[in-house]
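Inside the fold
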Amino acid sequence: MKAINSNYIKRMLLSYLPILLVTVSMLIFIFISIINEINVRNAIQANQLTAAFVKNMVDSTLKGISFDAQKMIETSGELQLYLDGPTDRAREFDVSNMLSGLMVRYGLIDSIYLYRAKDGRVLDQSASRPIGQFPDRGYLRSSVERILTGVWSSPRVKENEVRTVSTLVHVTSLGLKIPRDSGSLGYLVINIKVSSLELLISQMIDRNVTQAQLFDTQGQPFFDGNGLAPSNNSLNAETVSDYTGWTYRMSIKGGRLLDLLFHGSTVWVTLALGAIVFAFGSTFYVTRRNYKPIEAILHRIDRFASVVKTAGPKENKNEFAFIDQAIERLITNNMVFQEKQQENLVIRRQQFLQTLLKGEFEDDRATWQQEWQHFGLEAGHFIVALLELDHYVQFGLKYSPNDQSLFKFIISSVAVESAEQQGRRIIAEWISKNQLVLLLLSDEGESLEHHLLQLSEQVRSWVEKHLEFTVTIGIGSAAHRESDIGRSFEDAAAAVSCKVTLGVNQIIDAVELQERQGGEWFDYLEMIRTIVRKLRMSESGWPGELLRLFHEMRVRHLRKDDVERLLHYLVFQLDYEMAETLPDEAKAWLQDAKPALLLALGQSDTLEQLERCFLIALEGLADHVRALVQNQRHHGLLSEIRSYVEGHYRDPNLSLTMLSDRFEINAKYLSQLFKESFGQNFIDFLMSLRMEHAKQLLRESEVSVQDISEMVGYVNTTSFIRAFKKFVGLSPGQYREAQSKEGVRSIH
């Protein structure tokens, strides 16, 4: 046995020490060679490249601003006329827009203003004023007197005036004489915020690793002090711009620590050698200590193996191989047996439960009785509950399949244990990926619903308290015969489906749930058509109709399939309407709004979620439609024409020709613009106005049909009746009679 001990210790040491030695040697080599050599050079080189890149990008931007400003001065006739010609408000506006265009082209520009020498006035984006009233007059007066222009200044403080409130900002400025040689006409000043320059530079570097600073020609920093390393630091990189003369300095954060790493080779080598010594000592100590329990086991194995080996032919087989084979055979056989038993039990339970829920046991009564006795189910009264995971899509995305299986096992175990604590018997099985059936069995037919409600509430509250998701449980009706179990399950499923309107994380009892009142489908369809029409025509009021639709579905407790059917119809109507619109509107619908609505229908569990998702998606679509309508040509004119038509639709002479003459636009072109802007031609639009007013008069007054026809612009009563019947589907008399009957029914 001593020989075995000695060999085992040697094998452990010879296994550990080479690995330890190789690992430590590699760490030392990697640490010293890569970090101390390559990373130093790469860091410095990367810093230099970054500084050069930042300099080139900033210089390129400043040159572009200067070039475009010079080009504007030399080529703009409006600018020359403004400086040298008579005062003209329209020309002032054009020049101000020209300056604003340069600001739009270059986001870095904070402000631009133009000084006119002949009268001492300054023009910026807001107003034209004497130089004495201009906030930045001090800098402007000093700049006009300078000989050298066209050079970006050092950082300076500039006063801004926004709505009579003065603020101070740090800027760098570029002054240009007009003309370039004398400046006799005026002076152009362009200001760039220092903070904008800092933001531009920060976008080109990684602020977590690199720090940047900019210095003017006198060495003054542009940005506030940010802990940059001194200029003589070996990790810094500096470059000077040939264009501005500014100095760009880049430094690495944590420079002192990096210097220590880069120049502390002796320290690290000493620590590495110490680590090797410590590793050798630790290996010997741990190996010897861990060997003691193994030594005791080997003594026992040696006594048993000596008996077994006398009957075996293989004397050279060591004890580890023997015990390994024995344990492996035992574990393998036990696992196979357990897996088969568990698999058979799960399958039998699932088949048994499906039989109960479907009520198909009558076809094979003997098998049913055998299974019934196998599971020890002798009760004569039953009730079913259906537990459903809330927000299952998010549940599936958040957790891996293994975690999902674990959570489902936990929930079913909690249900079984809770029932056992109450002295009840249940069957708990997952029948789908998100639904767990709970079958309560009792010898007594009284208070079945009460017991199951208690058990369900205990399970629901436990899940809410201990897990990061919730469940909703539907309670079926009591079943006092085996054949009624299927009906109880159907009632539980129907109760769970109502969570779309009643909400999640609660208990829904089928007995207490009133006969759902879905309402007249015509009312829902009318609300949907109103929503689509108002949204398509860019009219206000569609959000209120959408909220009213969801409110009606919530109040009447519609089931999930009814809610989805109505909302799919809403999507269909929008799809149909948007297909007839302009390409840009149809593109916004197909690429953004429609996918969002369909995704919400597939992933939302409650009516509140659907309401929020639909409102957000349709608001985005409505904003896009409204923007397109507002940007169409002749929008202002068409709005005026529409207002005129809405105010004069009673005129029987109102026509496209009349509108063409009044607004001086071609009738054919007006018809085309009308169709593009309002989605229907002029005749249909005029008819809808007249018919809507006629319907109102028929509902709310006793005026004769002949008088109504004249009041809405029809000279011939027969033509009015024919048009009304074509538009409404009923004659005016039939419509008035139908509305009167409807009013009587609403009163009763």
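I will try to describe carefully the structure that is included in this document. (Residues numbered from 1 in each chain as written. Predicted model: local features only at pLDDT ≥ 70, side-chain atom pairs only at ≥ 80, totals over all residues. Heavy atoms only, no water.)

Ordered in space as β11-β12-β10-β13-β14, the five strands form an open sheet in which the pairing is mixed. Strands with a single pairing partner mark the edges of an open sheet, and in this sheet they are β11 (425-432) and β14 (507-509). On average, each strand axis in the sheet is inclined to that of its neighbour by 20°, with strand direction left out of account. Across five bridges, the pairing between strand β10 (residues 381-389) and strand β13 (residues 471-475) is antiparallel. Each residue of the ladder has a partner; that of Ala385, found in β13, is Ile475. Lying on the sheet, helix α12 (residues 448-466) is in contact with β10, β11, β12 (435-442), β13 and β14; it crosses β10 at an angle near 25°. (Pairing = 2+ DSSP bridges. Helix = DSSP H or I, 4+ residues; strand = E, 2+ residues; numbered from the N terminus. Axes fitted to C-alpha atoms, helices over the stretch in contact; angles between N-to-C directions. Contact = heavy atoms within 4.5 Å.)

On to the side chain of Ser688. Here Ser688 lies in helix α23 (residues 682-700). Classification of Ser688 as buried rests on a relative accessible area of 18%. Reaching out from Ser688, the side chain makes a polar contact with the backbone oxygen of Phe685 at a distance of 2.7 Å. Setting aside chain neighbours within four positions, we find Ser688 in contact with Gln680 and Phe727. (Buried < 20%, exposed > 50% of the residue type's maximum accessible area, 1.4 Å probe, protein only. Polar contact = N/O pair within 3.5 Å; in protein donor to acceptor, adjacent residues only side chain to side chain.)

The linkage connecting Ile178 with the following residue, Pro179, adopts the cis geometry, with an omega of -10°. Following the sequence through the fold, Pro179 ends up in the loop between β5 (165-178) and β6 (186-193). In this model, His391 sits at a positive phi of 50°, which is unusual for a non-glycine residue. By the element assignment, His391 lies in the loop between β10 and α10 (392-398). Residue classification places His391 among the partly exposed positions, given a relative accessible area of 22%. At Asn505, a residue that is not glycine, the phi angle is positive and equals roughly 60°.

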